[in-house]
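Structural characterization, general
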Amino acid sequence: MASLTKIAVKVLGPHSPKEFSDSATLQTAISASIQAVADSSSTSSVIDTEVFQVLGNYYILLTYQIA
């Protein structure tokens, strides 16, 4: 069985529904959140993202490779 070492998960958000109504604002907010992750192995270490809603706000589950 494969061992999933050096993988981390971070929840980014909350992002308001207003941010999701304008794609430019949303892209800027998500990019800023992802760039703020300090323990990633590189700028291309994002493995997966998943958007989910909780009580009207949106969150992004970010899976990435750590250094």
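Above this text is the structure in question.
Everything in this summary refers to the structure shown in the same document. (Residues numbered from 1 in each chain as written. Predicted model: local features only at pLDDT ≥ 70, side-chain atom pairs only at ≥ 80, totals over all residues. Heavy atoms only, no water.)

**Some words on the overall build of the chain**
In terms of regular secondary structure, the chain is built from 2 helices and 3 strands. In the chain, the succession of helices and strands from N to C terminus is β-α-α-β-β. Here the C-alpha coordinates of the chain stretch approximately 40 × 25 × 15 Å along the principal axes. The buried share among the 67 residues of the chain stands at 19%. Of the contacts made within the chain by residues no fewer than 6 positions apart, 64% connect residues no fewer than 24 positions apart. Accessible surface, the chain as shown: approximately 4700 Å² in total, 56% of it carbon and sulfur. (Helix = DSSP H or I, 4+ residues; strand = E, 2+ residues; numbered from the N terminus. Buried < 20%, exposed > 50% of the residue type's maximum accessible area, 1.4 Å probe, protein only. Contact = heavy atoms within 4.5 Å. Areas by Shrake-Rupley, 256 points an atom, 1.4 Å probe, with all protein chains shown as cover.)

**A word on the sheet that holds strand β1 (residues 7-15)**
Pairing in this open sheet of 3 strands is antiparallel, and the strands run β1-β3-β2 from one edge to the other. The open sheet terminates on both sides in strands that have one partner only, identified here as β1 and β2 (46-54). Neighbour to neighbour, the strand axes of the sheet diverge by 20° on average, direction disregarded. In terms of strand pairing, β1 meets strand β3 (residues 57-65) through 7 bridges, oriented antiparallel. Of the residues in β3, the one forming a bridge with Ile 7 is Gln 65. Contacts from helix α2 (residues 23-35) reach β1, β2 and β3 within the one sheet, and its direction differs from that of β1 by about 145°. (Pairing = 2+ DSSP bridges. Axes fitted to C-alpha atoms, helices over the stretch in contact; angles between N-to-C directions.)

**Quick notes on the packing of aromatic side chains**
Applying the stated criterion to the full structure yields 2 aromatic pairs. Judged by centre distance (4.0 Å) and plane angle (25°), the rings of Phe 20 and Tyr 58 are stacked. Residue Phe 20 is located in helix α1 (residues 17-21), and its partner Tyr 58 is located in strand β3; the two are separated by 38 residues in the primary sequence. Classification of Phe 20 as partly exposed rests on a relative accessible area of 25%. Here the aromatic rings of Phe 52 and Tyr 59 are separated by 5.9 Å at their centres, their planes lie at 20°, and the arrangement is stacked. (Phe/Tyr/Trp six-rings, centres within 6.5 Å; stacked < 30°, edge-to-face > 60°.)

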